[in-house]
Amino acid sequence: MHVSQQIAAQRQDRHQRRMALAATAIPHGEYCYTTAGIFRDEAGILRTSIKVCPYYKGRRDKPEQSDGYCRLLKRGDYTQGRDANGNPRATMLLWDGVKECGINPSDSSDIQTEL
């Protein structure tokens with residue numbers, strides 16, 4: 001089905017606005033979460049507070065290690081099929097919290113390389 005240029009332009013505009021908004025909410029780094037702080041619980045044990053990406057979802061109805069889903073990408077570790085370029089639509093490591101969207105990656109200064 002052929003889509004008019006006007007409709008295609010409107011879709012592209014909506015997509016760009018959605019991605020710009022997502023960039024303000026998605027954590028920085030390589031994971032779908034970030035450490036929000038360290039605190040002591042009632043028993044005096046140190047705990048880490050974690051802020052999870054608002055687009056990340058773990059699916060309880062899917063097997064472990066294939067239960068990650070990204071609402072922004074509308075894909076998960078269990079997604080079937082291929083995209084228009086023939087690449088698999090499924091994500092690989094969302095179940096482990098590894099970011100697949102590519103938004104807000106680590107700064108190059110955070111990456112250590114071996115010489």
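This text goes with the structure placed above it.
These numbers come from a predicted model, not from an experiment.

This next bit is on the side chain of asparagine 104. The residue asparagine 104 is located in the segment after β5 (75–76) in this model. From its side chain, asparagine 104 meets the backbone oxygen of alanine 23 in a polar contact 2.8 Å long. The contacts of asparagine 104, once residues within four sequence positions are left out, are Ala23, Ile26, Pro27, His28, Gly29 and Lys99.

Looking now at the pattern of salt bridges. All chains considered together, the criterion is met by three salt bridges. A salt bridge links aspartate 13 to arginine 17; the shortest N-O distance between them is 2.4 Å. Here aspartate 13 and its partner arginine 17 are both found in helix α1 (residues 5–25), four residues apart, which amounts to about one turn of the helix. Residue arginine 59 pairs with aspartate 61 through a salt bridge whose shortest N-O separation is 2.5 Å. The class for arginine 59 is partly exposed, based on a relative accessible area of 21%.

Cut-offs and rules
Residues numbered from 1 in each chain as written. Predicted model: local features only at pLDDT ≥ 70, side-chain atom pairs only at ≥ 80, totals over all residues. Heavy atoms only, no water. Helix = DSSP H or I, 4+ residues; strand = E, 2+ residues; numbered from the N terminus. Polar contact = N/O pair within 3.5 Å; in protein donor to acceptor, adjacent residues only side chain to side chain. Contact = heavy atoms within 4.5 Å. Salt bridge = Lys/Arg side-chain N within 4 Å of Asp/Glu carboxyl O. Buried < 20%, exposed > 50% of the residue type's maximum accessible area, 1.4 Å probe, protein only.

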